[in-house]
Amino acid sequence: MSAELELVSDGSGLAVVGAEDAIEQFMLDLDLVSVDSQSLAHVAKEGAHRASGLGGLALQAGGQMAAESGRWLKLTEESAAKVREFGLQVTKDDPAISHAMIGKPGNVQSWIQVVNSPAALVTNPAALASIGTMMAQRELQRSIDELREYLAQIDKKVDDILRAQKDAVLAEMIGVSLLVDDAITVRDEVGRVPEITWSKLQGGAATIASTQAYAVRQLDALADGLEHEQDLGDLVKATQHARTSVAKWLAVIARSVQVQDEIDVLELDRVADANPEELDRHRVGLRRARQKRLDMIDNACRQLVGRMNDASSRANQKVLFSPFASPKVVAASNEVVGAVLEFETRLELVSESEPAEARRWLAAVVDTRDQAVESGQDAFVAARRRSAQAVEKTSDLRVKALDAGADGVARAREATSKFFGVLADRTRRRQGAGDDARVD
């Protein structure tokens, strides 16, 4: 099989454009078959005007490559390393897009890079812009699908949550989401976004932005409330409130991001149809605006995770004296952090935090007991040492006392001996004097 394929990358995704059988063989050779891939362009219903909008721009590349002949896949670290081997080059018209033309002769087992090809998309800026925009749409659609799955998984009825809010801005998001669903249906029917359909969405993006900002502020308020609570009882109440509230606000944020992404997909289609010369700049602008919104959400999530972990740490320090309250704080904190991390995963936001682990009451008692035993052992050893020193001193004193007593006795004995010696001498002298007198 002899075939040529074009690889186009915007850093996060890869578009493979060419004959369908060649695309399948390429993905099989690079072991990319397990990677989820999508058709590069949305598939309009049979009979729709396929050559309009993005599809029409793609056909401008010599009429050889239509939008339906391309596949898009999300680049992972592993797949990106494989693709880099083809040496994609940054395009002159759009530094954010890189491109390579590759081919595989029938008797060669590996794909090789084709240096020059007159049919390359890179030779037609308009066609390359349409491919880049379709890649952006595929990336947005992937996020939409992820958030839809996330909302189904957490089983949160977002519309019911919104209706329960007193703020009118939140309730208005329901109406905007319905209009977006209608516009997507029309786009799939006719293959483009008509002016009348797009006009119905005017102002909808502002409503979505207000709803999203409101929900993010609620997360900030929960984080600030946790920071100022020092009393353990109040901390229990604050973390329990966060446990019930965070899931709700995360669901609202997820729904707002999903609807905004759907609006962006429709907006790119509309620009491609009405102002194709602005397509590249518009795509870059939408990406930057979306990243700013995600950064705001990420900052709020990080702050909340940090406050919850701090609350767990403070509760763990008091677990010995509050064996029932402290585990409640840690359990609620872990649940909130887990919910936030799951949400961030769906939006591909990076977070290095880990849920805190609760210390059990028994573990705290054992730790305290071990410390007490260790301290007791140290005290016992010290007491023994002091006792030995005291005994040693006492022994010295006793020895000294005994020595002193022995000396006294010896001196007394010596004095007594001397006394009786003197007394005996006097007695003998007196007796000798008496005998002499009787003789006289």
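Because the structure is predicted, anything quoted here is derived from the model rather than measured.

Student: How would you explain the overall build of the protein if you had to name every residue and give the values?
Tutor: A tally of helices and strands in the protein yields 12 helices and 7 strands. Split into buried and exposed, the 440 residues of the protein put 41% on the buried side. Of the contacts made within the protein by residues no fewer than 6 positions apart, 76% connect residues no fewer than 24 positions apart. Accessible area for the protein stands at about 23900 Å²; split by element, carbon and sulfur atoms hold 52% of it.

Student: Could you give me a rundown of the pattern of salt bridges, with the residues and numbers involved?
Tutor: In this structure the tally under the stated criterion is 20 salt bridges. With a shortest N-O distance of 3.1 Å, arginine 302 and aspartate 298 are connected by a salt bridge. Placement of both arginine 302 and aspartate 298 in helix α10 (residues 279-317) is noted, with a separation of 4 residues, approximately one turn of the helix. Among the salt bridges present, the one from arginine 346 reaches glutamate 342, with a minimum N-O distance of 3.0 Å. Taken together, the positions of arginine 346 and glutamate 342, both in helix α11 (residues 325-346) and 4 residues apart, correspond to about one turn of that helix. Assessed through its relative accessible area of 12%, arginine 346 is described here as buried.

Student: Give me the lowdown on the nonpolar core, citing residues and values where you can.
Tutor: One finds Leu219, Val246, Ile253, Ile297, Leu304, Val340 and Phe343 to be the most contacted residues of the largest nonpolar core, which totals 43 residues. Mapped onto this core, the elements with two or more residues apiece are α4 (125-154), α5 (158-163), α8 (204-228), α9 (232-274), α10 and α11. When residues of this core are assigned to their parent elements, the largest contribution, 13 residues, is made by α9. Here leucine 219 is in contact with Val246, Trp249, Leu250, Ile253, Ala300 and Leu304, once residues within four sequence places are set aside.

Student: Summarise the packing of aromatic side chains; cite the residues concerned and give the values.
Tutor: One pass over the full model with this rule turns up 4 aromatic pairs. Ring plane angle 55 degrees and centroid distance 5.8 Å describe the contact between tyrosine 150 and phenylalanine 343, whose orientation is recorded as tilted. Taken together, the residues tyrosine 150 in helix α4 and phenylalanine 343 in helix α11 connect sequence positions 193 residues apart. Cluster of aromatic residues (ring-pair linked, three or more members): Phe26, Phe86 and Trp111.

Student: So what's going on with the environment of isoleucine 97? Which residues, and what values?
Tutor: Mapping isoleucine 97 onto the fold places it in the loop between β5 (89-90) and β6 (98-104). Look at isoleucine 97 and you get buried, because its relative accessible area is 2%. Sequence separation between isoleucine 97 and glycine 11 is 86 residues; the distance between their C-alpha atoms is 7.5 Å. Apart from residues lying up to four places away in sequence, isoleucine 97 is in contact with Val8, Ser9, Asp10, Gln89, Val90, Thr91, Leu128, Gly132 and Arg283.

Student: Go over α8, please, and point to the residues and values.
Tutor: An ideal rise of 1.5 Å per residue puts 36 Å on 25 residues; α8 measures up with 37 Å between its terminal C-alpha atoms. Every buried residue of α8 is listed here: Gly204, Thr207, Ile208, Thr211, Gln212, Ala215, Val216, Leu219, Leu222, Ala223 and Leu226.

Student: So what's going on with the packing of α9 against α11? Residues and values would help.
Tutor: Packing of α9 against α11 brings their axes to within 9 Å, and their N-to-C directions diverge by 15 degrees. Classed by the angle they form, the pair α9 and α11 counts as roughly parallel. The two elements α9 and α11 meet at a crossing, and its hand is left-handed. Residues Leu232, Leu235, Val236, Thr239, Gln240, Ala242, Arg243, Val246, Leu250, Ile253 and Ala254 of α9 pack against Ala325, Ser326, Lys328, Val329, Ala331, Ala332, Ser333, Glu335, Val336, Ala339, Val340 and Phe343 of α11. Broken down by class, the residue content of the contact of α9 with α11 amounts to 16 nonpolar, 4 polar and 3 charged.

Student: Explain the packing of α8 against α10 to me, and be specific about the residues and the numbers.
Tutor: Two packed helices can be described by the angle between their axes and the distance between those axes. Between α8 and α10, the shortest axis-to-axis distance is 9 Å and the interhelical angle comes to 20 degrees. Taken together, the axes of α8 and α10 are roughly parallel relative to one another. Viewed along their axes, α8 and α10 form a crossing whose handedness is left-handed. Between α8, through Gln212, Val216, Leu219, Asp220, Leu222, Ala223, Asp224, Leu226 and Glu227, and α10, the contact on the second element is made entirely by Arg293, Met296, Ile297, Ala300, Gln303, Leu304, Arg307, Met308 and Arg314. Class assignment for the residues of the contact of α8 with α10 results in 10 nonpolar, 2 polar and 6 charged.

Student: I'd like to hear about the side chain of serine 9, residue by residue, with values.
Tutor: Examined against the element boundaries, serine 9 turns out to sit in strand β1 (residues 3-9). On the basis of relative accessibility, which here comes to 7%, the residue serine 9 falls in the buried class. In terms of polar contacts, serine 9 uses its side chain to reach the backbone amide nitrogen of glycine 11, at 3.1 Å.

Student: How would you explain the pairing of strand β2 (residues 13-18) if you had to name every residue and give the values?
Tutor: Taking burial as the measure, the 6 residues of β2 include 6 buried ones, the bulk of the element. Burial of β2 is two-sided: the residues Gly13, Ala15 and Val17 facing one way and the residues Leu14, Val16 and Gly18 facing the other way are all buried. Here β1 runs beside β2; their pairing, made up of 5 bridges, is antiparallel. Opposite glutamate 6, over in β2, you have valine 17 as the bridge partner. Linking two consecutive strands that pair antiparallel, namely β1 and β2, is a turn of 3 residues; a positive phi of about 100 degrees is found at glycine 11 within it. With 5 bridges joining them, β2 and strand β4 (residues 70-74) adopt antiparallel strand pairing. Residue pairing for β4: alanine 15 is matched across the bridge by tryptophan 72.

Thresholds applied
- Throughout, a residue's number is its position along its own chain's written sequence, starting from 1.
- Given that the model is predicted, a residue must reach a pLDDT of at least 70 before its local features are reported, and side-chain atom pairs must reach 80 or more before they are shown or counted; all residues, however, enter totals for whole chains, interfaces and linings.
- Heavy atoms from the whole structure form the basis of all side-chain values; hydrogens and water molecules are not counted.
- Numbering goes from the N terminus for both helices and strands, where a helix is a DSSP run of H or I of at least four residues and a strand is a run of E of at least two.
- Here's how the labels work: a residue is buried when its accessible area is under 20% of the maximum for its type, exposed when over 50%, partly exposed in between, all with a 1.4 Å probe on protein chains only.
- Residues are treated as being in contact if the distance between any of their heavy atoms lies within 4.5 Å.
- Note on areas: these come from Shrake-Rupley sampling with a 1.4 Å probe, and a residue is covered only by the protein chains present in the view.
- The rule for a salt bridge is simple: a side-chain nitrogen of Lys or Arg has to be within 4 Å of a carboxyl oxygen of Asp or Glu.
- Residues grouped as a nonpolar core are buried Ala, Val, Leu, Ile, Met, Phe, Trp, Tyr and Cys residues, joined through side-chain atoms within 4.5 Å.
- Stacked, tilted and edge-to-face are the three classes applied to pairs of Phe, Tyr and Trp rings, where Trp contributes its six-membered ring and a pair requires centres within 6.5 Å; stacked means planes under 30 degrees apart, edge-to-face means over 60, and tilted covers the rest.
- Multiplying 1.5 Å by the helix residue count minus one yields the expected span of that helix.
- Under this scheme, a helix contributes an axis fitted over its contacting stretch, all axes are lines through C-alpha atoms, and angles between N-to-C directions fall in the 0 to 180 degree range.
- Reported orientations rely on four angle classes, namely roughly parallel under 35 degrees, roughly antiparallel over 145, roughly perpendicular from 65 to 115, and oblique for the rest.
- The crossing is said to be left-handed when, going from far helix to near helix, the turn is anticlockwise and less than a right angle, and right-handed when the turn is clockwise.
- Note that Gly is not counted as nonpolar here; it falls among the polar residues with everything else outside the nonpolar set of Ala, Val, Leu, Ile, Met, Phe, Trp, Tyr, Cys and Pro and the charged set of Asp, Glu, Lys and Arg.
- Under the rule applied, a polar contact is a pair of N or O atoms within 3.5 Å (in protein, one hydrogen donor and one hydrogen acceptor; residues adjacent in sequence only if both atoms are side-chain atoms).
- Note on pairing: two strands pair once DSSP finds at least 2 bridges between them.

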